[in-house]
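Tertiary structure, described
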Amino acid sequence: MAINKEAYQIISKELQANHVTLVAVSKTKPAEAVQELYDLGQRDFGENYVQELVDKEAVLPKDLRWHFIGHLQSNKVKYIAPFVHLIHGVDSLNLLKEINKQAAKNGRVIDCLLQIHIAQEETKFGFDEKELSELTGLNELKNVRIIGLMGMASFSDDMQKVRSEFKKLNSIFHDLRSQIPNLQILSMGMSADYKVAIEEGSTMVRIGSLLFGARV
Ligand SMILES: *Cc1c(COP(=O)(O)O)cnc(C)c1O
């Protein structure tokens, strides 16, 4: 169950050359595997499940930056609010308000990405363009900072389709930048499609299986 060091070196170099941040997605993988990658210099890690994240955070180095990339339920925000570095999947105003509340309790400002629904599949969470344009009152939430967008393309071998979905997200990102000046992160791209994502303007990719091996 060793990590793929060679893949890590190659991908890190490739991303650095493109000024893209790597979030190593360690969901379902043991803390030892995270530590191995940490020892090679990796600091940004992504998790999908609150309990798993809390358990790993407790035993791993404190300078590690934890990204929550899964679907976050409002009633679980409190468990990660003390330490989470960036929440990628904010898909409702109610969730954002809860993050704001829990951040305030911890005396923190938590950075968030709004998740945008770009895939044609029905199953993916996120705002659509219309809902995004109707979002108001964000400025009143003093303990959250929206610093970018996140999206997942269709799970498909059709790279033209995937590319067009990334293009769409990038164009929403650029439009929204005129309204939200803090916007700087575009989180898109996973193991299967990160190269296309970078070509289409990604600034942060979330890669799991290429680094840690396939999940069961
Ligand atoms: C699991 C997951 C990833 C990583 O997927 P890989 O295909 O293993 O690279 C990226 N983003 C999200 C939101 C995920 O849930």
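Residues numbered from 1 in each chain as written. Predicted model: local features only at pLDDT ≥ 70, side-chain atom pairs only at ≥ 80, totals over all residues. Heavy atoms only, no water.

Section: the site of the ligand
Around the ligand there are 13 residues in total, and Lys27, Asn48, Ser191, Ser209 and Arg215 lie nearest to it. Contacts to the ligand include Asn48, whose side-chain N or O atom sits 2.8 Å from an oxygen atom. Taking Ser209, its main chain carries an N or O atom lying 2.8 Å from an oxygen atom of the ligand. For the ligand, whose accessible area on its own is 390 Å², the fraction buried by protein is 91%. (Near = heavy atom within 4 Å. Polar contact = N/O pair within 3.5 Å; in protein donor to acceptor, adjacent residues only side chain to side chain. Areas by Shrake-Rupley, 256 points an atom, 1.4 Å probe, with all protein chains shown as cover.)

A word on the nonpolar core
Counting 63 residues, the largest nonpolar core has Ile87 and Ile99 as the members making the most contacts within it. When residues of this core are assigned to their parent elements, the largest contribution, 6 residues, is made by helix α7 (residues 159-177). In terms of nonpolar packing, the next biggest core, distinct from the first, is built from 7 residues, Leu86, Leu113, Met150 and Met204 among them. (Core = buried A, V, L, I, M, F, W, Y, C linked by side-chain atoms within 4.5 Å. Buried < 20%, exposed > 50% of the residue type's maximum accessible area, 1.4 Å probe, protein only. Helix = DSSP H or I, 4+ residues; strand = E, 2+ residues; numbered from the N terminus.)

Considering the environment of Gly107
By the secondary structure assignment, Gly107 is in the loop between α5 (93-105) and β5 (110-116). In the structure, Gly107 is positioned 25 residues away from Pro82 in sequence and 8.7 Å away in space, judged by C-alpha atoms.

Some remarks on the layout of surface pockets
A water-sized probe, rolled over the atoms, reveals where empty space remains. What the second largest pocket holds in volume is close to 410 Å³. In this structure, the second largest pocket is lined by 18 residues; those nearest its centre are Leu138, Asn139, Ile146, Gln179 and Ile180. Of all elements in the fold, only α6 (129-133) and β6 (144-151) reach the threshold of two or more residues within the lining of the second largest pocket. Here the element with the most residues in the lining of the second largest pocket is β6; it accounts for 3 residues. Within the lining of the second largest pocket, the residues separate by chemical class into 11 nonpolar, 6 polar and 1 charged. (1 Å grid on protein atoms, 1.4 Å probe; cavity = no way out; pocket = protein on both sides within 12 Å on 5 of 7 lines; lining within 4 Å. Points joined across faces, edges and corners; volume = space filled by probe spheres on them. Nonpolar A, V, L, I, M, F, W, Y, C, P; charged D, E, K, R; others polar.)

Points about α7
The end-to-end C-alpha distance of α7, which contains 19 residues, comes to 27 Å, matching closely the 27 Å that a straight helix rising 1.5 Å per residue would cover. Taken as a whole, α7 has its buried residues at Val162, Glu165, Phe166, Leu169, Asn170, Ile172, Phe173 and Leu176. Down the axis, α7 shows its buried residues gathered within 160 degrees of arc, on one side only. Against β5, α6, β6, β7 (185-187) and α8 (194-199) lie the buried residues of α7. Measuring from the side-chain oxygen of the N-cap residue of α7 to the backbone nitrogen of Gln160 gives 3.2 Å; that N-cap residue is Asp158. (Expected span 1.5 Å × (residues − 1). Arc of directions from axis to C-beta. Contact = heavy atoms within 4.5 Å.)

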